[in-house]
Amino acid sequence: MQPRIIRAAARPTAKAGADNFVGTVLQDPVYAPEQPSRLRATRVSFTPGARTNWHQHAVGQILYVLSGVGRYQLEGQPVQSIAPGDTVVIPPNSRHWHGAAPDTMMVHLAMSETNEKGEATSWFEPVADTDYAKAPAKAE
Ligand code: MN
């Protein structure tokens, strides 16, 4: 890990792959793991209706919502609406998805760590349209 400032212009925006996401999702890398750090941080921009597939993280994940209106669901629990300033804490190996609201985009900072084996995220099937369309639980 070398001391430096990683300039924004040195990190092109990537379009997330259709194998793990539905809709148009843009990823701006913030930090990738460098020994001894295991942290990966990515700013992820979901266009309206876009979301991740179901997935889980070996060491969990922290989401910090930066803008817009989003959706999040931990398997077995109601869909939640998430808003700027919210922090979502997702425990290790817990199936979930996150994304934009149907008509509004959402941007979050996603932070996760690899485990001691270097494992991070396991991907599963897309979120069914009927699940995605469910009205979210009221925010507190
Ligand atoms: Mn996740």
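Whatever comes next refers back to the structure up there.
K.L.:
Could you give an account of the nonpolar core, with specific residues and numbers?
P.N.:
Among the nonpolar cores identified, the biggest contains 16 residues, and Val 25, Phe 46, Tyr 72, Ile 82, Val 88, Ile 90 and Met 106 are the most heavily contacted of them. For this core, the secondary structure elements donating two or more residues are strand 4 (39-46), strand 7 (61-68), strand 8 (70-74), strand 10 (87-90) and strand 12 (106-113). Sequence-distant contacts of Ile 90, defined by excluding residues within four places in its chain, comprise Gly 60, Gln 61, Leu 63, Tyr 72, Leu 74, His 96 and His 98.

K.L.:
Explain the layout of surface pockets to me, and be specific about the residues and the numbers.
P.N.:
Estimated volume of the largest pocket: approximately 490 Å³. As for the largest pocket, its lining consists of 32 residues, and the residues nearest its centre are Gln 27, Arg 40, Thr 42, Val 44 and Ala 110. Elements represented by at least two residues in the lining of the largest pocket include exactly strand 3 (25-31), strand 4, strand 6 (55-57), strand 12 and strand 13 (121-123). The element best represented in the lining of the second largest pocket is strand 10, accounting for 3 residues. Of the residues belonging to the lining of the second largest pocket, the class tally is 6 nonpolar, 3 polar and 1 charged.

K.L.:
How would you explain the side chain of Thr 52 if you had to name every residue and give the values?
P.N.:
Within the secondary structure, Thr 52 is located in strand 5 (residues 51-52). The buried category is assigned to Thr 52, whose relative accessible area is 1%. In this view, Thr 52 contacts Asn 20, Phe 21, Phe 46, Trp 97, His 98, Trp 123 and Val 127; residues no more than four positions away in its chain are not counted.

K.L.:
Mind laying out unusual backbone geometry, listing which residues take part and the relevant values?
P.N.:
In this structure, Pro 36 follows Gln 35 across a cis peptide bond, with omega equal to 0°. A positive phi angle, near 50°, is found at Asn 93, a position not held by glycine. Secondary-structure assignment places Asn 93 in the loop between strand 10 and strand 11 (96-100).

K.L.:
I'd like a rundown of the coordination of the manganese ion, residues and numbers included.
P.N.:
Protein-derived ligands of the manganese ion are His 55 (NE2), His 57 (NE2), Gln 61 (OE1), His 96 (NE2) and His 98 (NE2), with the metal-ligand distances lying across 2.1 to 2.2 Å. For the manganese ion, all donor residues lie on one chain, and their spacing in sequence is H-x1-H-x3-Q-x34-H-x1-H. One end of the pair, His 57, is in strand 6; the other, His 96, is in strand 11, and 39 residues separate them in sequence. Residue His 57 is classed as buried on the basis of its relative accessible area, which comes to 4%.

K.L.:
Now, about the pattern of salt bridges: what can you tell me, with residues and values included?
P.N.:
All chains considered together, the criterion is met by 6 salt bridges. Across the pair Arg 4 and Glu 34 runs a salt bridge, and its minimum N-O distance is 2.4 Å. Residue Arg 4 is located in the segment before strand 1 (14-15), and its partner Glu 34 is located in the loop between strand 3 and strand 4; the two are separated by 30 residues in the primary sequence. The partly exposed category is assigned to Arg 4, whose relative accessible area is 45%. Residue Glu 34 is classed as partly exposed on the basis of its relative accessible area, which comes to 23%.

Definitions and limits used
- Every chain is numbered independently, its residues counted from 1 as its sequence is written.
- Given that this is a predicted model, residues contribute local features only at a pLDDT of at least 70 and side-chain atom pairs are listed and counted only at 80 or more, while totals for whole chains, interfaces and linings are drawn from all residues.
- Note: side-chain values were computed over all heavy atoms of the structure, leaving out hydrogens and water.
- Nonpolar cores are built from buried Ala, Val, Leu, Ile, Met, Phe, Trp, Tyr and Cys residues. Side-chain atoms within 4.5 Å join them into one set.
- Whether a residue is buried, partly exposed or exposed follows from its accessible area with a 1.4 Å probe, protein chains only, as a fraction of its type maximum: under 20%, in between, or over 50%, in that order.
- Secondary structure counts use DSSP, requiring at least four H or I residues in a row for a helix and at least two E residues in a row for a strand, with both numbered from the N terminus.
- By the convention used here, residues are in contact when the closest approach between their heavy atoms is within 4.5 Å.
- Method remark: on a 1 Å grid restricted to protein atoms, a set of points is classed as a cavity if a 1.4 Å probe fits but cannot get out and as a pocket if it is open with protein on both sides within 12 Å along at least five of seven lines; lining residues have an atom within 4 Å of a point.
- Grid points are joined across faces, edges and corners, and a volume is the space filled by probe spheres set on the points.
- Charged residues are taken to be Asp, Glu, Lys and Arg, nonpolar residues to be Ala, Val, Leu, Ile, Met, Phe, Trp, Tyr, Cys and Pro, and polar residues to be all remaining types, Gly included.
- A 2.8 Å cut-off from the metal defines N, O and S donors, relaxed to 3.2 Å for Na, K and Ca; water is not in the atom list, so some sites may appear incomplete.
- The term salt bridge refers to a pairing of a side-chain nitrogen on Lys or Arg with a carboxyl oxygen on Asp or Glu at a separation within 4 Å.

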